Amino acid sequence: MIIDCHGHYTTAPAAHNDWREAQKAAFKAGDTTPPYPKISDDEIRETLETNQLRLLRERGADMTIFSPRASAMAPHVGDESVALAWARANNDLIKRCADLYPEVFAPVCMLPQNPKADMAGSIAELERCVGMGFIGCNLNPDPGGGHFTSPPLTDRFWYPFYETMIELDVPAMIHVSGSCNPGLHATGAYYIAADTIAFMQLIEGDLFADFPNLRFIIPHGGGAVPYHWGRYRGLADMLKQPSLDTHLMNNVYFDTCVYHQPGVNLLAEVIDTKNILFGSEMVGAVRGIDPTTGQYFDDTKRYVDALLISEEQRHAIYEGNARRVFPRLDAQLTARGL
């Protein structure tokens, strides 16, 4: 199988997005949010059939691990009640996508991480979603939207949530949302910076000594990390930390959301195959066609297909690693005889 570990519902029905605008306006005015709209199965099918499903078929992938649109999570908007209602609306919509196409979409949830709240609401939402068949979550290391005021991922602030992740046996993709900092372009600067910052936080701490079974996917190819692998190996040494191989890389994974061949080549050369999951984030940050190749930038399968690696390595990137990192997905696929 070819499993895309990084998909977002960027094409959600207009009524869903309109309700979000109404929710934000109601909070600002001190009014009651209107009821969530009725969205038919046919509306959902249309948004998926003409976008993610069409591209999956055209590009030769089998399924995608699917979560709400990252840039729209925006937990800093309003208070925790606003964040919770928005998270539930998004996660319920993702559940409907997975119910309509169970062979294609494996659901992952967003969390109501308002920057003024603790993790109790996020724990409750993760438990609710896993009870509905979700296989993981997106964990935002900077709920404030580009100001990095939250504690580092190694801080005990996060520990109750990690304990729940371990109990439920689910991984988290470390993924920020939209940027409200005018100096940080969301997808070009903020996302890549946050990926890199998260990795450095993990180097400085000793999180996996406390949680040896915790699993994180750092998306977008790991941000700047693989490109500067020597820097991070050297910093770990200067900080008197163990080798990255044992300190982090039994628990941290990178995806292939890198939008040119040399970048994916470098990723595969520098990072062990066991730590790489196929991902595209299609219909996401970079949607256009590369004029130098005539192909979509986010058709990352082409890059993985072109790697000079063994078929065993390619199978690990396309399927084996995802099933290992997402054991609930593996159980679902095994139950289907796959």
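Structure: above.
Read on for a plain summary of the structure. (Residues numbered from 1 in each chain as written. Predicted model: local features only at pLDDT ≥ 70, side-chain atom pairs only at ≥ 80, totals over all residues. Heavy atoms only, no water.)

Taken in spatial order, the eight strands make up an open sheet running β1-β2-β3-β4-β5-β6-β7-β8, and their pairing is parallel. Lying at the two open borders of the sheet, with one neighbouring strand each, are β1 (3-9) and β8 (276-277). Taken together, the two bridges between strand β3 (residues 105-109) and strand β4 (residues 136-139) define a ladder with parallel strand orientation. Bridging from a neighbouring strand, V108 pairs with G136 of β4. (Pairing = 2+ DSSP bridges. Helix = DSSP H or I, 4+ residues; strand = E, 2+ residues; numbered from the N terminus.)

All right, on to helix α6 (residues 159-168) then. Taken as a whole, α6 has its buried residues at Y159, F161, Y162, T164, M165 and L168. In this fold, the buried residues of α6 make contact with α5 (120-131), β4, β5 (172-174), α8 (207-210), β6 (216-218) and α14 (327-335). One or two residues past the end of α6 sits D169, with phi positive at roughly 60 degrees. (Buried < 20%, exposed > 50% of the residue type's maximum accessible area, 1.4 Å probe, protein only. Contact = heavy atoms within 4.5 Å.)

Right, let's get into the pattern of salt bridges. In this structure the tally under the stated criterion is 16 salt bridges. Salt-bridge contacts for K24 lead to E21; the nearest nitrogen and oxygen are separated by 3.2 Å. Remark: E21 and K24 occur in helix α1 (residues 14-29); sequence separation between them is three residues, near one turn of the helix. Take K24: its relative accessible area is 29%, and that puts it in the partly exposed class. Across the salt bridge formed by R156 and D210, the nearest N and O atoms sit 4.0 Å from each other. Pair noted here: R156 is in the loop between β4 and α6 and D210 is in helix α8, with a separation of 54 residues, a long-range link. If you follow the salt bridges from partner to partner, you end up with D92, E125 and R128 in one network. (Salt bridge = Lys/Arg side-chain N within 4 Å of Asp/Glu carboxyl O.)

Counting residues in each nonpolar core, the largest one holds 72 residues, and the members touching the most others are L126, L139, F161, Y162, F199, F216 and F254. If you look at the next biggest cluster of nonpolar residues, it comprises 16 residues, including I3, C5, I217 and F326. (Core = buried A, V, L, I, M, F, W, Y, C linked by side-chain atoms within 4.5 Å.)

Note on placement: A61 falls in the loop between α3 (52-59) and β2 (63-68). On the basis of relative accessibility, which here comes to 16%, the residue A61 falls in the buried class. C-alpha separation for the pair A61 and I2, spaced 59 residues apart in sequence, amounts to 5.0 Å. For A61, the residues in contact, after removing those within four places along its chain, are I2, L56 and K301.

On to the side chain of H8. With respect to the element layout, H8 can be found in strand β1. Side-chain polar atoms of H8 contact the side chain of H6, separated by 3.0 Å. One polar contact links the side chain of H8 to the main-chain carbonyl oxygen of P68, over a distance of 3.0 Å. Those residues in contact with H8, other than ones at most four positions away along the chain, are Q52, F66, S67, P68, R69, A70, N138, H175 and E281. (Polar contact = N/O pair within 3.5 Å; in protein donor to acceptor, adjacent residues only side chain to side chain.)

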